Every structure is written in structure tokens, then in C-alpha cells.
Amino acid sequence: MTLSKLPKMNIVVVGHVDHGKSTLIGRLLADTHSLPQGKLEQVKAECRRHAKPFEYAFLLDALKDEQAQGITIDTARCFFKSKKRQYIIIDAPGHIEFLKNMISGAARAEAALLVIDAGEGIQENSRRHGYLLSMLGIRQVAICVNKMDLVEYRQEAFDKIEKEYRKFLKEIELTPKVFLPIAAREGENIINRPARMKWFQGPSLLEILDSFEKAPSPQDKPFRMPVQGIYKFTESGDTRRIFAGRVESGAVSVGDKVIFLPSNKRSTLKSIEGFNAPARKKISAGYSAGVTLTEQIYINRGDILCKEGEPLPHVSSLMKVKVFWLGKKPMAMGKEYKLKSGTSAVPVRLKEIKRVLDASALTKLNKKIVERNDVAEVVLESSRPVAFDLSSELETTSRFVIVDEYDISGGGIIAEVVKDEQSPVREQISIRDQMWDFSVIDPEQRALRYGHQSKLILLTGSVGMDKKTIAKELEKILFETGIKTYFLPMGNLLRGLDAHVESHRASRREHIHHLGEIAHLFLDAGIIVVATASNLTDEELRELQEVTERDSIVIANVGKNNFHGPIVALDLSEKENPVKNARKIVGFLKEKKVLL
Amino acid sequence: MTHLEKLESQSVYILREAYSHFKNLAMLWSIGKDSTVLLWLARKAFFGHVPFPLVHIDTSFKIPEMIQFRDKLALEWNLNMVYGSNTQALQEKRTFPAGALTRLECCKTLKTDALVNTLSGKWPRYRLDHQTGAYVLDENKEPYTGVIVGVRADEEGSRSKERYFSPRDKQSDWAVGDQPPEFWNQFKTDFAPGTHIRIHPLLDWTELDIWEYIAAENIPVIPLYFDQGKGERYRSLGCYPCTFPVKSTAQNVQEIIEELKTGKFKDIAERSGRAQDKEDSGGLETLRRSGYM
């Protein structure tokens, strides 16, 4: 089927199974003459051949699987047009089994029709789908009370459903555009005003569809570009270092000061790159872009590129979210999942279940797990900080999915930031970096001159494990190969810079912070620092990561590893010869291309 | 943003996501207009480069201009070009043109079987040597775990059920009834060993979008799509024994666009010139589940 130049709109049709979604769509296709030539006659002929009555829903049931099961299993995409525009109409399945398909379809929609059977009334999925539409951020919803022919087109039947469903929608904060009485099978109130429901003043379904508006592009919101990749195609003779991603909101121009979060690195936009496209000085929401920067900073995929001076995303490892769960296995406490938000992916755990809602009834369930098709409010804890917006501020960057093993098993929106233990440190570091007076020599130049990147090699492990001998051997090997390196045991710090700080348990945190700040200076100077500290905890390590930079620390643990999660880069045995252990670290640095 | 700009942006986003997640990524290039647009979009996504191999399945019955066109662009655009084929079936003359198989069986043998075994690395792959311009045996035998394909949802019934990232099991089978969820541009990028993912960046494009984009970007396409004065042209390209030209006097991209919008092809399916589609009403879907493009 070919389409004209009319504007397009994605529409989803949802509702309980057998409430007539496919019939409604079949009607729209047929009555607006949007079917391919001969299709209607072909399906009618097939029905005659099999001696079964023709139904408009058959027009959509093209697939063998579907016909075998007698239910729509997936979000078939079909096109249909009015005088005003063309609609890509998505037939979402109503069967509970296929909630994942309903969400896949509905998430792409700009508007929704929710179908309720006038005879059967509001059913489980009428409510569930309503709730999901609200969570998916679909604001333009028309409620179609279908099969009015089954209730003799009586207004009371319609009014009763409208009253009851409006009450439910109010609870979930969804305001529908309109309630419409229709009879899809009979073609009542589809493209024309109803002949048999004179009590209804209109509009018709087609008029309603045409009254929906395109969602405004989030151009006037703060700039967000999640980084998809950092490209350098040197083998093909291209020396550009391009940060690629799609602008999800806002706009940015050449010369703007930018910041990457959560890594908190800053630079200035040097150019906007493209292929077979005119040169641009500005890019805005919707475009897949590529930019180069004036300073050569190291960041990874997953960071969000933002603009300084605008409201920035939140950064935390704790967040309060609303989730819907689609996984075959329930979402359980303690289990590790993967949180994918924008282009970032981090390990995450369920920290607390605030409440589980049975979406169909909106009652609060007292559950310790989130099961398939449940909707819940929970607190998630990620193993490293994530940058995100709240759903009330910026929709796109507040959304996430959760991967269980190989499968996307849930999705949701971030409703609130929960401050984690590192939040105050992060704030201080953010101000430090913002005010920092940078040297004109950038880190890449230093690395090229010195023949290595700067790194903090942190040897840790329990008291009694000999870390210092390994550290000294490592410093020696590195020094002898011309590397700029320095041995920094925690003890020296305590007797020097921190001599005035009382040495008791409470000031341990301060010592750690100082170690981080000193290492930060050495790193900025391009040096490989070999530090030792005993009994480091997870939280202390997180603090060091905040104060320096996540990627600039290599943790080598001697003896038993007491950390939770995969933070340790190298596990060293205390029984091994210290020189061999030191060589092992050198090998690691070569492998990771720290030594160029 | 215009309609074409939106389509382009989404396809580029998908291509970059694929590139970030799959170490062994390949793009299927049938030399037709759709996969040539796909190739162009890859150059858009990666700023003039194509950082993964392009795989072509050569049935030996392709219209000869297609192979010439393939190698010309591969050299010009510095493409990592790879082809595979079912050499055994060809040697044993187990084909439709030799009278041994039906059209559909022939598609399965020369396309599906060749594709599955070329992707898995079981059968030899041949790589274009840019120094000599000749094809040499490719030493890389690793299976491709991500395969980018230029299918569109509007082409054919079964295709409207696809996802952008669609998993295939060890036998390359497509579980059409059990597709993973896909929303908010989060795709299925985690997969069990032995399985692979098909990636479909053109899913939202229509035939008309393709031609309008070709016009807007001035993308080279094979001249078989245009009437060369005989009053006929190909609307869809395949093997010459099973692909027939349609009556049309469209001689350039603009005329094709006009013809699609207002002319006689307005309501006629694109693949009407592909004979294998007509043998069995569910034929394409059956083939598709086993990996046919």
C-alpha cells in the first residue's frame, strides 16, 4: 500500500480481550477505503468458502499463528488515512499473556483508543491498560464504549460505564479526551455520526482521531544526549574523535560548554559532524548526531551529554521508581538485574518494595516480590551511580528497562531521587570541577609525552597482608622503564597532611577523602600513583571513585577479597612472591593500554 | 523534523545500538534498493565509514548487473564485502532453473541454507581484496551474532510482526508468537550462546519513503529499477528465473516516486513480480522463519 504526503500519527488500540479492537480497526480500514485493492473482497470470499460469517477483524488476522489461536498476538502495524493525516494504527492484544506486546505497541503511540465492551463492561485489562497508558506517558486517550448494539444503543448503559471508568482514571491521574459510544461491527459512530444513537451529540471516532495533536518536540527542555559510542576510525585515515548519540531533548550549539554525567567531565563543543549533510552549528531534539570537543576527555558509552547552565540530571545509585513487570520469573529482592536507561547499563538490585499494585483493581497488595503483570513502586539500588531525570521533569531520560538474564523483563519511570551515601561528596566534587582552573596541557597531550596514561593503582586487603612490598616493587619496575610513578602509602598521609587530624575511627572517612584528593592531583599531573590502604570498605572505595574518577582507579586486592560486586581488577595471592605480583600488575596495565 | 529526517534518525540510532552491542556484526546487502539505503544509513551513522562486513548471498542466478554494481560500490566506499553461496547444490544442479526443485525449494536451498551457513561460518566466506579487486577465502569463521537486515513492515504480512531487534534460535528459527518486548528504544541486546539477533533498522519505512530518501540523498541504485526504453523495469530485484519486470515507463527516481504516489502502482503490492510469493499463501513466512530475507 502506498501512502501520500499526509502527516503521520501512531495510534494504539487497547482494551480487554474480545472487546472488539480488531473489529474496530478493520472497520476503520474498510470505511476509509484504506485497504489494498481487492483485500476486502478476498477475505469475504474466503469466509464464504469456509462457510463462516465475515468479520472485520479477519482483515487483520493475516498470520497463520493468529488464526490458529483466534486471538491477536502482536501489535500488527497497519496504515489508514483520513482527509487530515495518515494513521499507523497498532492493534494491541488484549489477552493478558501478551502484555509485553501491548506495551511494545503502546509505547510507540502518540494517542490511544481504549475499547470497552458495553455489554461486558469494565474488565481486568480495561483497567490494567489504562494504568499502563498513564505510565507510558500517553496523554491523548479516547475511551470507546463498543458493541452498543448489544445494549440496544441505550444511553444509560453508556453513562454507567463512563461514570465508573472516569472514577478509575481519576485515581491513576489520566484525563481522557472523550468517551464515545460506538458499534464497530455495525459501523455506528466510526466515520459518521451515529444513526441509532441520536442522544449522542458527537463527535465521531474519525473526528476524534483527527482532533488529536502531535506531541510537541521536547526542544525547549534541557539538552540531553545519551552517548551511544565514541568513534575514531583511524584505520580509514579519519582522525576525528566523535561522540555519537541522539538528542533526546533540548538543543546545543558549537561553542557551548558541556558536561558528561555521571562521570562529571567537562568540555566545550567544537563541531557538529555529519555525512552527506550541510554543516551545522546547532542540533536539537530528535536528531541522531555526532559532536567533537575541544579537550580530549575520556568518557564511556552511557554517559549523558548535557549543557552547562541548564538544569542537570540527578546522579545517584538510589532511585524510587514505578515499574511494570513482564518477566516469567518474578522480580525478587537480592537478585542482580541489569538496568538500562538511555544508553547506560548498570547492575541493579531491588532494595525495597514500597507497594505492589494489582493494576486491574488498584488495590495495595502486601507482597515481597513483583510478579508478572504487576505494577509496583520500588526503590532500586545500582552498583554505580546513574544519571537520570524524573518523570515529572523530562520523560525520555526518566525511563528505564530491567533485564533479567537475557530478556527485558520490566520497565518503568523514575519518580524520585533517593540520596545515597555519596551524594554530599558528589556535590562537593561537582563544585570543585566546575571551579577548577585547568592547565592548558590536556591529559591526552600529557599521556602522549609520557608514554602512559595516569592511574591510581590501589593495593588493598586486610591488615597483615603485605601490600607495601608489592607497591614498592611495582614503583621500581615502572620507574626503570621510564614511567612517571610515585609510591603513596596511606600511612605517609596520616603522618604528614593529616597529622593534625585525630586518629580515631570517625576520622577514617576524612583520611580516605584526602587520599582521594591527593591522588586526584597526581592523576591530573599525568602520574601513575601506587597507593596502599588496608581494610578498604565498599563505601570508602565508592568515595575514592567519586573524588578521583571511576576509570582512573585500578584495585589490586591482596589475600581475601571482602568487596561486594566485581570492583577488584586484580586478585593477588599473599603467598606469591611480591616481585611476581608486581609484574602481574604491569601485565594488566599493558593489556589495558595504560602503558602506551 | 521532516518525516524522512525522523526515519533516518531512528535507523541511525538502531545501527549505532547494534554496533555498540555486537562484536560479530554483519549487514546483509542484497544489492536491492532497500539494503542499499540501509548501507547508506550506515555511512550516515558512522560518518562515512561502515565498520562491519557486508554479506551477500550469491545464488549464481542474480541478474549480472547486480554483481557488477555490488563490486563497484564495495571498492568505491571501502566496504568489507563478503559473499557466500550453496556451491554444492549448484554443482549438483539442485535448483529450480535446472528443473530439480520448485521455486520455493530453490529459494530455501540457494538463499536460506546458504545464508544460515554463511552467517554461522560453517560454509566458506569470500572476502573482497581491495588491492586486487578479487575475492579471497575469508579466514574469519566466527559466527555473526548480530545480523542487520533491510526488511520493511509494509512489504508483506509476516513482516509487520517484526521487532527492531529480533532473536533467532540455534536453528535460526523465528518464534513469531513469542517476540521479546521492545519499547522506549531499549532493544534485546543480550542473548544466549548459539543464538543470534536480527536487526531491522528499516522496519518503519515504506516503499515510497525508500525512493524519496534515495532522491533526497542522491543514493546510487542499480539501473535495473528504471525503464531503459523498453517500457518495463524491475520493481523488486531477485534471481532472473523468478523475477519479472513490470510494465512501466519510469526512467528515473522522480518518475518512480510519481508512479508510486499517483500512478498505477498505487495499490499494487511491491513483490507482485516475485513468482515464489505466489506458490503458497504462507510461503514467505515459512521461509522467513528459517532465515530467508
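Provided above is the structure to which this section pertains.
Residues numbered from 1 in each chain as written. Chains lettered and ligands numbered in written order. Predicted model: local features only at pLDDT ≥ 70, side-chain atom pairs only at ≥ 80, totals over all residues. Heavy atoms only, no water.

## Points about the packing of helix α12 (residues 508-524) of chain A against helix α13 (residues 538-547) of chain A
All names here are of chain A. Axis separation between α12 and α13 bottoms out at 8 Å; the angle between their running directions is 35°. Seen along the crossing, α12 lies across α13 with a hand that is right-handed. In this structure, α12 contributes Arg508, Arg509, Ile512, His513, Leu515, Gly516, Glu517 and His520 to the contact, and α13 contributes Glu539, Glu540, Glu543, Leu544 and Val547. (Axes fitted to C-alpha atoms, helices over the stretch in contact; angles between N-to-C directions. Helix = DSSP H or I, 4+ residues; strand = E, 2+ residues; numbered from the N terminus. Left-handed = near helix turned anticlockwise from the far one by under 90°. Contact = heavy atoms within 4.5 Å.)

## Description of the pattern of salt bridges
Counting across every chain of the model gives 59 salt bridges over all chains. Residue A:Asp31 is joined to A:Arg27 by a salt bridge in which the shortest nitrogen-to-oxygen separation is 3.1 Å. Of this pair, A:Asp31 and A:Arg27 both sit in helix α1 (residues 21-31), four residues apart, which is roughly one turn of the helix. We classify A:Arg27 as buried; its relative accessible area is 12%. The closest approach of N and O atoms between B:Lys188 and A:Asp407, which form a salt bridge, is 2.7 Å. With B:Lys188 in the loop between β7 (165-168) and β8 (196-199) and A:Asp407 in strand β21 (residues 407-418), the pair connects residues from two separate chains. What makes B:Lys188 buried here is its relative accessible area of 9%. For A:Asp407, a relative accessible area of 39% translates into the label partly exposed. The structure contains a network of salt bridges with shared partners spanning A:Arg139, A:Glu395 and A:Arg399. (Salt bridge = Lys/Arg side-chain N within 4 Å of Asp/Glu carboxyl O. Buried < 20%, exposed > 50% of the residue type's maximum accessible area, 1.4 Å probe, protein only.)

## Focus on the interface of chain A and chain B
Between chain A and chain B, the contact holds 69 residues from the first and 64 residues from the second. For the pair chain A and chain B, the summed buried area comes to about 5500 Å², and 51% of that belongs to carbon and sulfur atoms. Where chain A meets chain B, there are five salt bridges. When the shortest N-O distance is used, the salt bridge between B:Asp209 and A:Lys8 registers 3.9 Å. In this structure, the connection of chain A to chain B is made through 25 residue pairs in polar contact (both at pLDDT 80 or more). At six residues, β21(A) tops the list of elements feeding residues into the side of chain A that touches chain B. Of the residues that constitute the side of chain A that touches chain B, the class distribution is 28 nonpolar, 19 polar and 22 charged. (Buried area = accessible area lost by both parts, 1.4 Å probe. Polar contact = N/O pair within 3.5 Å; in protein donor to acceptor, adjacent residues only side chain to side chain. Nonpolar A, V, L, I, M, F, W, Y, C, P; charged D, E, K, R; others polar.)

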